[in-house]
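Structure at a glance
These are the residues of each chain, in order.
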Amino acid sequence: MILQALKGYYDRKAQDPDGGIAPQGFEWKEIPFIIVLDDKGNLVQIEDTRTVTGKKKRAKSFLVPQGEKRTSGVKAYRLWDNAEYVFGLDGGETKQKAFIARLAQYLELDDVGLSAMKSFLSDNPAVKAGTKHEWAEISETKPWLAFRLIGNTELICQRPAVVKALTEELEKVDNRKPMVCLITGESAPAIRLQPPIKGVKDANTTGADIVSFNLRAFESYGKDQRQGENAPISDAAAFAYTTAINHLLRKDSGQKLQIGDASTVFWSEAPDDLENNFFDIFTESPKDDPDRNTRAVESLYRSVQTGGFATDNDTTRFFVLGLAPNAARISIRFWQVGTVAELSGRIRQHFDALEIARPGYEKRYLSLFRLLVNTASLGKSENIPPNLAGDTMRAILSGSPYPATLLQAAVRRIRAEQEINYPRAALIKACINRSSEKEELKVSLDENNTNPAYRLGRLFAVLEHIQERASPNINATIRDRYYGAASATPVTVFSTLLKLKNHHIAKLNKGEAVNQEKLIGAIMNDGFDGALGFPPTLSLPDQGRFAIGYYHQRQSFFTKSSDSTNKGA
């Protein structure tokens, strides 16, 4: 299903003249340096194709013959390669001979560009290139190199005679046994080694595989050491699905998200607004356009009225694939398929679940990245638990309860840092409401909520507020010292906190003191300090309810203070 969907995306992009996807037998490759020759093979210049993007140099992409998979040994690419193969650097004479031998396969075409390459490579090319100022960097970094004739716009490997010869190579019939392709269902020879997949974060830099067989235990009976025949896929189908996924994973791709350790790509059967906005919905807005995420989510909500994303009977399918590195292979972290209408609705449900009272300076819609980093130690993305990002995305797109590990991570981070901020509160509310399948926790303060943990959180916020009012310049409040115990084992600290409250409340003016005592009485009206007493322990979900009760009550104080200030003005 995954490979078929990827091939379908390749076919769709290949039919689009502006699709930007490579035809069969070719690939787009960033090539930093172009060796420019005259028609006699003399070196004219070494052209640096890179431009400065941010703080880094970025090479220009060229359409070149597809590089074959290198596992071990020497294997030269067709008319382009790295500096070790082109110049034989660092003892790479064998590689250089292989590159020249590969060139010789096409000399019968009698093309002036190929003849120029032969002349250049046959007469100490490294010595000639060493006279150019780019040589120092080339000899050190050994980058990708290609050739071009002076006055031409295309590379030598893009010249019409060469392209025709490469295309004819693909059409040659070989002696491999035809097998039924698992993607197309057609009979064709099975590819032995599939093209590598590049762009998955932390995967092998030379590329990794979704389908591979490198141990006898993975092979079918009678197909040992026959690799691709264990899962037969034709050359054309293998090229299509790997080119599609490499296109989605390319640098600056608008259809790739990095969610924790999962490199996530997405696409649809046909062009639609969700495919164009999915990236902005889930990622942080760039500094030069801070409202991009908000606009994308708002357009998702408006689509209910405008039909911009989908109509209720839209059957266009949308695909989301999460990939994670696993040595030389790639593991599937998650795979979600649904119609554009279904997934749009589930994404709206996700943002509805996150809705909670917030400070005026906070954005209404929280990106997935911001939610997850608020569960990570030190707020760093590399500290996000490995499977958490994929499990959370799966829950969003399937409409299922959020993973229990998400609630655990948010509660654990609050206890570690004694900070209940807007993203953590939104996460906890969403997790608890979706797991209970009802709106147990409201957007703002709910005075009718009688859950003991929720009311204990409110009580803790009131006690802290009294302390802050009594000592305005205090450096640390009861939250810094007692939050962990109060939210997990209330019976051990609340009696002490209520005694401290009497000391603090004595410093307030009479009217404010009376109001605070009334609020405490309203919260404790079911006998926390009487027959029932304070709970000895709170479960993890109840610790989440405690946090929301605290957060709601604190936001209520800020709102009232803001309203009073506005009225006074």
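Remember, it's a predicted structure, so these values are computed and weren't measured experimentally. (Residues numbered from 1 in each chain as written. Predicted model: local features only at pLDDT ≥ 70, side-chain atom pairs only at ≥ 80, totals over all residues. Heavy atoms only, no water.)

Take the nonpolar core next. Generally speaking, soluble globular proteins have nonpolar side chains that are buried together. Ranked by size, the top nonpolar core spans 85 residues in total, and within it Phe278, Phe460 and Phe494 carry the most contacts. If one sorts the elements of this core by residue count, helix α16 (residues 452–470) sits on top with ten residues. Counting 42 residues, the second-largest nonpolar core is a separate cluster that includes Ala22, Ala146, Leu155 and Cys157. (Core = buried A, V, L, I, M, F, W, Y, C linked by side-chain atoms within 4.5 Å. Buried < 20%, exposed > 50% of the residue type's maximum accessible area, 1.4 Å probe, protein only. Helix = DSSP H or I, 4+ residues; strand = E, 2+ residues; numbered from the N terminus.)

In this section: the packing of aromatic side chains. Applying the stated criterion across every chain yields a total of 25 aromatic pairs. Taking 6.1 Å as the distance between ring centres and 65° as the angle between the ring planes, the aromatic pair formed by Phe120 and Phe147 counts as edge-to-face. In this pair, Phe120 is assigned in helix α4 (residues 112–121) and Phe147 in strand β8 (residues 144–149), connecting sequence segments 27 residues apart. We classify Phe147 as buried; its relative accessible area is 1%. Ring geometry for Phe266 versus Phe278: centroids 4.5 Å apart, planes at 40°, classification tilted. One end of the pair, Phe266, is in strand β12 (residues 262–268); the other, Phe278, is in helix α9 (residues 273–282), with twelve residues separating them in the sequence. Under the relative-accessibility criterion, Phe278 is labelled buried at 0%. By way of ring pairs, the aromatic residues Phe460, Tyr483, Phe494, Phe534, Phe546 and Tyr550 are connected into one cluster. In this structure, Arg70 is placed above the aromatic ring of Tyr77, and the distance from its NZ or CZ to the ring centre is 3.8 Å. (Phe/Tyr/Trp six-rings, centres within 6.5 Å; stacked < 30°, edge-to-face > 60°. Lys NZ or Arg CZ within 6 Å of the ring centre and 35° of its normal.)

Another aspect to go through is helix α11 (residues 340–354). Relative to the 21 Å expected for 15 residues at 1.5 Å per residue, α11 spans 22 Å between its end C-alpha atoms, a close match to the ideal helical length. Taken across its 15 residues, α11 has eleven buried, putting it largely inside the fold. Looking at α11, one finds that the buried residues are Val340, Ala341, Leu343, Ser344, Gly345, Ile347, Arg348, His350, Phe351, Ala353 and Leu354. (Expected span 1.5 Å × (residues − 1).)

Overall, antiparallel pairing links the four strands, which are arranged β11-β12-β13-β14 in an open sheet. Edge positions in the open sheet fall to β11 (256–259) and β14 (329–339), since each of these has one partner strand only. The average undirected angle you get between the axes of adjacent strands in this sheet is 20°. Pairing analysis gives six bridges linking β12 to strand β13 (residues 317–326), with the strands arranged antiparallel. Of the residues in β13, the one forming a bridge with Ser263 is Leu323. In the packing of α11 onto the sheet, contacts are made with β13 and β14, and the angle to β14 comes to roughly 100°. Across the sheet, helix α13 (residues 388–398) touches β11, β13 and β14, and the angle it forms with β14 is around 15°. (Pairing = 2+ DSSP bridges. Axes fitted to C-alpha atoms, helices over the stretch in contact; angles between N-to-C directions. Contact = heavy atoms within 4.5 Å.)

The next thing to look at is the pairing of β12. Where burial is concerned, most of β12 is hidden: seven out of the seven residues are buried. Along β12, one buried face is formed by Ala262, Thr264, Phe266 and Ser268 and the opposite face, lined by Ser263, Val265 and Trp267, is buried too. What sits between the antiparallel neighbours β11 and β12 is a turn of two residues, in which Gly260 has the positive phi angle 60°.

Here the protein chain averages 88 in pLDDT, and 92% of its residues register 70 or above. Within the model, pLDDT remains below 50 along residues 562–569, and this stretch shows zero contacts once partners closer than five positions in the same chain are excluded. (pLDDT = per-residue confidence, 0-100.)

Next up on the list: the sheet that holds strand β3 (residues 43–48). With mixed pairing, the four strands of this open sheet are ordered in space as β3-β2-β8-β7. Looking at the sheet topology across the chains shown, the edges are occupied by β3 and β7 (81–82). For β7 and β8, the ladder comprises two bridges, and the chain directions are antiparallel. Counted as the bridge partner of Asp81 is Leu145 from β8. α4 contacts β2 (33–37), β3 and β8 of the sheet and is inclined by roughly 125° relative to β8.

To continue, consider the packing of helix α3 (residues 93–104) against α4. Helix packing for two helices is described by the angle between their axes and how far apart those axes are. It is at 10 Å that the axes of α3 and α4 come closest, and there the two elements cross at 155°. For the element pair α3 / α4, the angle class is roughly antiparallel. Crossing angle aside, the handedness with which α3 passes α4 is left-handed. Contacts between α3 and α4 involve Phe99, Ile100 and Leu103 on the former and, on the latter, Leu114, Met117, Lys118 and Leu121. In the contact of α3 with α4, the residues fall into six nonpolar, no polar and one charged. (Parallel < 35°, antiparallel > 145°, perpendicular 65-115°, else oblique. Left-handed = near helix turned anticlockwise from the far one by under 90°. Nonpolar A, V, L, I, M, F, W, Y, C, P; charged D, E, K, R; others polar.)

Our next topic: the pairing of β3. Note: β2 against β3, five bridges, orientation antiparallel. Its bridge partner lying in β3, Ile34 is registered against Glu47. The antiparallel pairing of β2 with β3 creates a hairpin that spans five residues between the two strands, and Gly41 there sits at a positive phi of about 90°.

Within the element layout of this structure, Ala126 appears in helix α5 (residues 125–129). Sequence separation between Ala126 and Leu37 is 89 residues; the distance between their C-alpha atoms is 14 Å. Beyond its immediate stretch of four places on either side in the chain, Ala126 contacts Phe87 and Trp135.

So, on to the side chain of Thr264. As for its placement among the helices and strands, Thr264 is situated in strand β12. Setting aside residues up to four positions removed in sequence, Thr264 forms contacts with Gln255, Lys256, Leu257, Ile259, Val320, Leu321, Gly322 and Phe334.

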